[in-house]
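Structural overview
Spelled out, the chains give:
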Amino acid sequence: MSKGVLLVNLGSPDSTQVSDVRKYLDEFLMDERVIDSPYWLRALIVKGIILNTRPKKSAEAYKRIWWDEGSPLIVLTQRLQRKIQSRVSIPVEIAMRYGNPSIEAGIEALHKKGVTQILLFPMYPQYAMATTETILVLAEKIRQKKYPHIQITEIPAFYHRNDYIATLAQSIKDEYSQDYLLFSYHGVPERHIRKTDKTGAHKHTQFVNDVYCCKPHSPESQYCYRTHCYETTRAVAELLQLPEGTYGTSFQSRLGSDPWLQPYTDVTIEKLAHDGIKNLAVVTPAFVSDCLETLEEIGMEGKEEFLQAGGLSFKLIPCLNDRDDWSDVIAQWITRWENLTDNYKK
């Protein structure tokens, strides 16, 4: 069989025009694994309310971080793809869960190159219903409908893999000289943790801050986004030998009034300043590519919140993006899979 790789990232509007942002938000927020309400209610919320109010504001936010080459997330993913392609012998394509290039376009590009076995690579270290799962479900739906002869193997969540942790730690070490390091992860509703748990262990869980909701590396933690996040923080802090009290974990980008994972990043940033932290660095390990949620929400809004609350300096640690060591790690995983070794998942 001829093998190929499909790197799948979140996605981006085609431009900062309000019409393009509205189209992107429509696709994104109408995903039943992002807003997991019944279709009629989701449509009412998204099409009846959000798409009439948010696109203009979001377009302005995208304008603040847009590059001459285009969307930072798209450009960075393209750069990463080129570096990986130079390190492996099989075709590597990129796709976005929302926007362009689509997952279907990515599969078609590999199909045209004669690929019959695809390594699907959701570019999220931690598993979540609204990120990894929605990619896997859509890719399989497309495969069944248009490419039934193609086999798909997915890279599982890699938050705990030693080479990923080492690379993330090094990226922080290269930039970090502040008093406090905040690990900010994208937030999800608490119900998402319960929905993805196939063991039922989280049915009555109370998600207390800074306390594991399940045992790491246990069956109930396999799809637990919250535990994946706390384990990422723990492993990096241990590798960097960060003293207790100099780092923490928080969750950003909540939507609606339902309970989301806490502590919230914006609240935490202000509290740290009020508690006397003067020099703050924030790293965003739920993303491997810088995007609106890192560059604007944290790098601009978060910085402003911290400085207004009394902080003196604020540093956004860049995502792994197209770092050479990160490109090397992914290329090694691909090569192990290509050679049919078992340890590409480890």
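The structure presented is a predicted model; accordingly, all values stated were derived computationally and were not measured.

Before going further, it helps to spend a moment on the overall build of the chain. For the chain, the helix and strand inventory stands at 11 helices and eight strands. Against the globule reference of 20 Å for 346 residues, the chain gives a C-alpha radius of gyration of 20 Å, in line with a compact fold. If you line up the chain on its principal axes, its C-alpha atoms span 60 × 50 × 45 Å. Each of the 346 residues in the chain was classed as buried or not, and the buried ones make up 55%. Put simply, the chain shows about 15500 Å² of open surface, and 50% of that area lies on carbon and sulfur atoms. Averaged over its 41 positive side-chain charges, the chain has a centre that lies 4 Å from the centre of its 44 negative ones.

Moving on to the packing of aromatic side chains. Centre-to-centre distance and the angle between the planes together describe a pair of aromatic rings. Tallied over the entire structure, the rule returns 16 aromatic pairs. Between phenylalanine 183 and tyrosine 247, the ring centres sit 6.5 Å apart and the planes meet at 80°, which makes this aromatic pair edge-to-face. Note that phenylalanine 183 is positioned in strand 5 (residues 180-186) and tyrosine 247 in strand 6 (residues 247-252), a separation of 64 residues in sequence. Feature note: the residues Phe121, Phe158, Tyr164, Trp326 and Trp333 constitute an aromatic cluster, connected by ring pairs. Directly above the ring of tryptophan 337 sits lysine 3, whose terminal nitrogen or CZ lies 4.6 Å from the centroid.

Time to look at helix 1 (residues 18-29). The terminal C-alpha atoms of helix 1 lie 16 Å apart, and with 12 residues this matches the ideal 16 Å at 1.5 Å per residue to within 8%. Those residues of helix 1 that fall on the buried side of the exposure criterion are Val21, Tyr24, Leu25, Phe28 and Leu29. When helix 1 is viewed along its axis, its buried side chains cluster within an angular range of 110° and face the same direction.

Moving on, we get to the UniProt feature "binding site: Fe(2+)" (unreviewed entry) in the chain. The sites that carry the UniProt feature "binding site: Fe(2+)" (unreviewed entry) are, in the present numbering, His186 and Glu293. The named residues occupy 108 residues along the chain; their greatest pairwise C-alpha distance, 8.2 Å, places them in one compact cluster. Those annotated residues lining the largest cavity are, specifically, Glu293. Mapped onto the elements of the fold, histidine 186 is located in strand 5. The exposure class assigned to histidine 186 is partly exposed, which follows from its relative accessible area of 22%. With sequence-adjacent residues up to four places away left out, histidine 186 is seen in contact with Tyr225, Phe251, Gln252, Ser253, Ala286, Phe287 and Glu293.

What follows is about the packing of helix 6 (residues 162-173) against helix 8 (residues 225-240). At a minimum axis separation of 9 Å, helix 6 and helix 8 run at an interaxial angle of 65°. Classified by chirality, the crossing of helix 8 by helix 6 is right-handed. Packed against helix 6, whose contacting residues are Tyr164, Ile165, Ala166, Leu168, Ala169, Ile172 and Lys173, the element helix 8 presents Thr232, Ala235, Val236, Leu239 and Leu240 at the interface. Tallied by class, the residues present in the contact of helix 6 with helix 8 amount to 10 nonpolar, one polar and one charged.

What follows is about the pairing of strand 2 (residues 92-99). Among the eight residues of strand 2, eight are classified as buried, and the element is accordingly described as predominantly covered. Sheet analysis places strand 1 (residues 3-12) next to strand 2, joined by seven bridges and oriented parallel. Of the residues in strand 2, the one forming a bridge with serine 12 is glycine 99.

Next up on the list: the environment of arginine 22. Along the chain, arginine 22 turns up in helix 1. Overall, the relative accessible area of 36% leaves arginine 22 in the partly exposed class. Counting along the chain gives 220 residues from arginine 22 to leucine 242, while the straight-line C-alpha distance between them is 42 Å. Filtering out sequence-adjacent residues up to four positions away, arginine 22 remains in contact with Leu51 and Pro55.

Glancing now at the packing of helix 6 against helix 11 (residues 324-338). At a closest axis distance of 9 Å, the pairing of helix 6 and helix 11 adopts a crossing angle of 170°. As judged from the angle between their axes, helix 6 and helix 11 are roughly antiparallel. For the pair helix 6 and helix 11, the contacting residues are Asp163, Tyr164, Thr167 and Gln170 in the first and Asp325, Trp326, Val329, Trp333 and Arg336 in the second. Each residue belonging to the contact of helix 6 with helix 11 can be placed in one class, and the counts come to four nonpolar, two polar and three charged.

Basis of the calculations
The numbering scheme is per chain: residues are counted from 1 as the chain's sequence reads. Note on the predicted model: pLDDT of at least 70 is required for a residue's local features to be given, and 80 or more for side-chain atom pairs to be given and counted; whole-chain, interface and lining totals, by contrast, use all residues. Working from all heavy atoms in the structure, the side-chain values ignore hydrogens and water. By definition, any uninterrupted DSSP run of H or I lasting at least four residues is a helix, any uninterrupted run of E lasting at least two residues is a strand, and each is numbered from the N terminus. With the radius of gyration taken over C-alpha atoms, the globule rule is written as 2.2 Å times the number of residues to the power 0.38. Using a 1.4 Å probe on the protein chains alone, a residue whose accessible area is under 20% of its type maximum counts as buried, one over 50% counts as exposed, and one in between counts as partly exposed. All accessible-area figures derive from a Shrake-Rupley calculation using a 1.4 Å probe, and residue coverage is judged against the displayed protein chains alone. In this tally, Lys and Arg are treated as positive and Asp and Glu as negative; His is ignored, and so are the chain termini. Positions of charges follow a simple convention, taking NZ of Lys, CZ of Arg, CG of Asp or CD of Glu. When the centres of two rings from Phe, Tyr and Trp lie within 6.5 Å, Trp using its six-membered ring, the rings pair. Their planes under 30 degrees apart give stacked, over 60 give edge-to-face, and anything left gives tilted. Placement of a charge over a ring requires the Lys NZ or Arg CZ to be within 6 Å of the ring centre, with the centre-to-atom vector within 35 degrees of the ring normal. Given the number of residues in a helix, its expected span is that number minus one, multiplied by 1.5 Å. The directions considered for the arc are those from the helix axis to the C-beta atoms. UniProt positions are given in the numbering used here, feature names are shortened, and annotations may be inferred rather than shown by experiment. A cavity here means a set of points on a 1 Å grid, drawn over the protein atoms and nothing else, where a 1.4 Å probe fits but cannot get out; a pocket is an open set with protein on both sides within 12 Å along at least five of seven lines, and a residue lines either one if it has an atom within 4 Å of a point. Contacts are assigned to residue pairs with any non-hydrogen atoms lying within 4.5 Å of each other. The convention used is that axes are lines fitted to C-alpha atoms, helices contributing only their stretch in contact, and that angles between N-to-C directions extend from 0 to 180 degrees. Each crossing gets its handedness from the near helix: less than a right angle anticlockwise from the far helix is left-handed, clockwise is right-handed. Any residue outside Ala, Val, Leu, Ile, Met, Phe, Trp, Tyr, Cys, Pro, Asp, Glu, Lys and Arg is labelled polar, Gly included; the first ten of those are nonpolar and the last four are charged. For two strands to be treated as a pair, DSSP must find at least two bridges joining them. If an angle is under 35 degrees, it is roughly parallel; if it is over 145, roughly antiparallel; if it lies from 65 to 115, roughly perpendicular; otherwise it is oblique.

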